[in-house]
Amino acid sequence: MSTTAETAQQLADPSATTLLRFATAGSVDDGKSTLVGRLLHDSKSVLSDQLEAVEAASLKRGQEAPDLALLTDGLRAEREQGITIDVAYRYFATARRRFILADTPGHVQYTRNMVTGASTADLAVVLVDARNGVIEQTRRHAAVAALLRVPHVVLAVNKMDLVGYDEKVFAAIAEEFTAYASELGVPEITGIPISALVGDNVVEPSAHMDWYGGPTVLEHLETVPVSHDLTSCHARLPVQYVIRPQTAELPDYRGYAGQIAAGTFRVGEPVTVLPSGRTTKVAGIDLLGESVDVAWTPQSVTLLLEDDIDISRGDLIVPSGDAPTPSQDVEATVCHVADQPLTVGQRVLLKHTTRTVKAIVKEIESRLTLDDLSQHPHPGRLVANDIGRVKVRTAEPLALDSYADSRRTGSFLLIDPADGTTLTAGMAGESFATHKSVTVATEAAGVPDEDGWDF
Amino acid sequence: MTSAATVTEGVDSPYALSHLDALESEAVHIFREVAGEFERPVILFSGGKDSILMLHLALKAFAPAPVPFCLLHVDTGHNFPEVLAYRDRVVAEHGLRLHVASVQEYIDAGKLRERPDGVRNPLQTVPLTEAIQEHRFDAVFGGGRRDEEKARAKERVFSLRDEFSQWDPRRQRPELWQLYNGRHAPGEHVRVFPLSNWTELDVWQYIAREDIALPGIYFAHEREVFKRSGMWLTAGEWGGPKEGESVETRLVRYRTVGDMSCTGAVDSDATTLDAVITEIAASRLTERGATRADDKLSEAAMEDRKREGYF
């Protein structure tokens, strides 16, 4: 997409543009920087002063060509070491949509970074080098996308120019990846053959692959639906803050403010407040100063209720006919994100929506080996970047949904009460979608896993 | 799947929010999280568009109740008079409480020394961090956006600072879902950036949509300026022009509002919000690249200042 006055005019129009959050994942040499660079560059998101700064810095280092990685490596240590050590967020826009890109490092040891990026992503782009095909790292990325339940996955088969733009090469990789990812429960996979370096099918359709009839990467990003049918979702409003002006004009106003975590709420609807279990009806909904009849996720609203019942931060408002059962026992898949380990018996804090409670790690049932998706039973502890199954007992009952039903009310953090460190990212309930104990053919090991695995 | 990829209908559900609604909802969520979790939050308010936007969002987040935060302005002593007037008007209009940390007072007391280049932005760090300690603020809202600068692209929404207000990018907490971790030890505080995911264009489009008043210097006007390091600086008592720099009257506007010593004006005839938005959408320069001298000091200028406690 070229930068024309017309594009600028379209960009200036905020109507009908939506926001898509996506994450990129790829190994070190898969060309992720090139792909990100091209998306940013061709959507006018790299401006001339940034390019000049990169050129000057490259020159200073004795590099002849501008090193586009300098655009994305924001930290001194990253530039010094020439690697990306942390997630960075980037922004670009087309006339149709605004994009927030979580640019996640590809190193094996940074699983936590991909988890971080994927936690808020509507879509993940998994990059594969056409010459190498599906490798261990690709499986890891697919597994993380499946674990985090990223709704859309794009398989970008890169460097097609180096395999003669051969349809068979692409088809074989796409088939292998789709079989693998579908088994993990990835709901939608779109395969796109690209050359990030040459520019094939990234922004412009390729002139070299007339056998491919699908969208370019950017076209797909622009058109993929960002939200799903909410009518079937369990409605959830975690109470963040109670608004009570107590002024002469508004002596009795009592509003329960929060961001709707899932589903929709309507005026007149009977609701239950958890954990107390008291019931009432929605008397009104304030959408940031505007009174509305219906509101839905992820709108930030203030609910007014018919009865004056005791509600505070951390409570959960749900439709009376659809209340989750509060429990003090949480079973979850977790990704350990801290340098200090997580051990059995450890006392932690558990943050779920707007509620933080004391908790204890009762059991670490298993640790997942992402390479072949095998389980290692009772590892005793989890260290940084480990993914495992844990059982946690909380001091107070929590109304968690299954992460499979709601990314927002099924997720939680474990926090070290001593220093506040975020230890672990948790996803409640069963994992990997439908889970009927899938037996994964571990091709790498050549042996099928008899027990299957319950991640 | 075959080589013809899954065809996706490009139709969003009727429940899809516009990008501005999504950003607004997220920012409001962040304000309410801080109000629920912290004892003594404060909003950094410079009278610039980002802090004006923050205040507008905070007003919406807690309406019809007042904003439960006070404001803190780090006054460099070289602020635009129009901006100070705007600040005081807003504070009075919404019945807010304003704290001012003054760079000039620090210089007069000998606690800070004027830099040879006269640039005062970096001098803000000491009065800022001391004001945070003095008032025991535990959450400090800043208007920083990740699209501004590459070190800022690495910043979390909740960014823990130690008792010296320092930022250590290698020790940041991973930030997952919308679960912000605000735990901190006594003496530490958290910098909170509700506009993290907004771009300059988003800010302007939202200001237009909500019809938010801004100081006049954001719109094209005639001003006496002189050229220094390729930027148009406002002539004035703060220290410009020097010998060899000549003043001329030009039609300009500001894209950012900061200290007069390092904030440049851009040539512009955009006198309305619509004209400003069209101009920015077509601009080939970033906001900071066009108008901030202090970011040009070195490749890691922003990162280094942030490590020391800058916002």
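Now for a quick tour of the structure. (Residues numbered from 1 in each chain as written. Chains lettered and ligands numbered in written order. Predicted model: local features only at pLDDT ≥ 70, side-chain atom pairs only at ≥ 80, totals over all residues. Heavy atoms only, no water.)

### Description of the packing of helix α7 (residues 136-147) of chain A against helix α8 (residues 167-184) of chain A
Residue and element names in this part refer to chain A. Our working definition: Note on geometry: axes are lines fitted to C-alpha atoms, helical ones only across the stretch in contact, with angles between N-to-C directions running from 0 to 180 degrees. Where helices and strands are cited, they refer to DSSP runs of H or I of at least four residues and of E of at least two residues respectively, numbered from the N terminus. Working rule for handedness: look at the near helix, and if it is turned counterclockwise from the far one by less than a right angle, call the crossing left-handed; if clockwise, right-handed. Note on contacts: a residue pair is in contact if any heavy atoms of the two residues lie within 4.5 Å. Any residue outside Ala, Val, Leu, Ile, Met, Phe, Trp, Tyr, Cys, Pro, Asp, Glu, Lys and Arg is labelled polar, Gly included; the first ten of those are nonpolar and the last four are charged.
Running from N to C, α7 and α8 point in directions that differ by 35°, and their axes come no closer than 9 Å. For the element pair α7 and α8, the recorded crossing hand is right-handed. On α8, the residues touching T138, R139, A142, A143 and A146 of α7 are E176, F177, Y180 and L184. Residues of the contact of α7 with α8, tallied by class, amount to six nonpolar, one polar and two charged.

### As for the nonpolar core
Rule in force here: Here the nonpolar core consists of buried residues drawn from Ala, Val, Leu, Ile, Met, Phe, Trp, Tyr and Cys, with membership extended through side-chain atoms lying within 4.5 Å. With a 1.4 Å probe rolled over the protein chains alone, any residue whose accessible area is under 20% of its type maximum counts as buried; one over 50% counts as exposed, and the rest are partly exposed.
Of all hydrophobic cores here, the largest spans 153 residues; its most connected members are A:F22, A:L148 and B:F31. Examining the composition of this core, we find that nine residues originate from one element, helix α1 (residues 19-37) of chain B, more than from any other. With sequence-adjacent residues up to four places away left out, A:L148 is seen in contact with A:V115, A:A118, A:S119, A:Y403, A:R407, A:M427 and B:W177. Residues A:V330, A:L342, A:L350 and A:A428 belong to the second largest nonpolar core, which totals 20 residues.

### Section: the pattern of salt bridges
Formally: Any carboxyl oxygen of Asp or Glu that lies within 4 Å of a side-chain nitrogen of Lys or Arg is treated as forming a salt bridge with it.
For the structure on display, the rule yields 37 salt bridges over all chains. Note that A:D129 and A:R131 form a salt bridge whose closest N and O atoms lie 2.8 Å from each other. For A:D129, a relative accessible area of 3% gives the class buried. B:E24 serves as the salt-bridge partner of B:R209, at 3.6 Å between the closest nitrogen and oxygen. Of the two residues, B:R209 is situated in helix α6 (residues 200-210) and B:E24 in helix α1; the sequence distance between them amounts to 185 residues. For B:R209, a relative accessible area of 38% corresponds to the partly exposed category. Connected via shared salt-bridge partners are B:D21, B:E24, B:K60, B:R209 and B:E210.

### A closer look at the sheet that holds strand β3 (residues 98-102) of chain B
Residues and elements named next belong to chain B. The cut-off we apply is this: Strand pairing follows a simple DSSP-based rule, namely that at least 2 bridges must link the two strands.
Taken in spatial order, the six strands line up as β3-β2-β1-β4-β6-β5 in an open sheet, and their pairing is mixed. The open sheet has two edge strands with one neighbour each: β3 and β5 (158-161). Averaged over all adjacent pairs, the angle separating strand axes in this sheet is 30°, with direction ignored. Strand direction decides the pairing type here: strand β1 (residues 41-44) and strand β2 (residues 70-75), joined by three bridges, are parallel. Residue pairing across strands places I43 opposite L71, the latter belonging to β2. Contacts between helix α2 (residues 49-62) and the sheet are confined to β1, β2 and β4 (139-141), with β1 contributing the most and set at about 140° to the helix.

### Thoughts on the pairing of strand β20 (residues 355-369) of chain A
Residue and element names in this part refer to chain A. With six bridges connecting them, strand β19 (residues 347-352) and β20 associate as antiparallel partners. What sits directly across from L349, in β20, is K358. For β20 and strand β23 (residues 387-398), the ladder comprises eight bridges, and the chain directions are antiparallel. Looking across to β23, one finds that A359 is bridged to T394.

### Concerning the sheet that holds strand β2 (residues 88-93) of chain A
Residues and elements named next belong to chain A. Read across the sheet, six strands follow the order β2-β3-β1-β4-β5-β6 without closing on themselves; strand pairing throughout is mixed. Whereas interior strands pair on both sides, the edge strands pair on one side only; in this sheet they are β2 and β6 (188-193). The average undirected angle you get between the axes of adjacent strands in this sheet is 25°. Note that strand β5 (residues 152-158) and β6 share six bridges and pair parallel. If you follow V153 over to β6, its bridge partner there is I189.

### Considering the environment of B:Y254
All names here are of chain B. Looking at the secondary structure, you find Y254 in strand β9 (residues 248-254). With relative accessibility at 0%, the residue Y254 sits in the buried group. For the pair Y254 and E37, spaced 217 residues apart in the sequence, the C-alpha separation amounts to 36 Å. Residues within four places of Y254 in sequence aside, it is in contact with F80, I217, Y218, H221, R223, T234, T263, G264 and A265.

### Here we look at the pairing of β6(A)
All names here are of chain A. Which entries qualify depends on this criterion: Here is how to tell: hold the view so the strands point away, follow the path from the first strand over the helix to the second, and if it runs clockwise the crossover is right-handed.
The buried count for β6 comes to six of six residues, which makes it a mostly enclosed element. Taking every second residue as pointing to the same face, both faces of β6 are buried, with E188, T190 and I192 on one and I189, G191 and P193 on the other. Between the parallel elements β5 and β6, the chain passes through α8 in a crossover that is right-handed.

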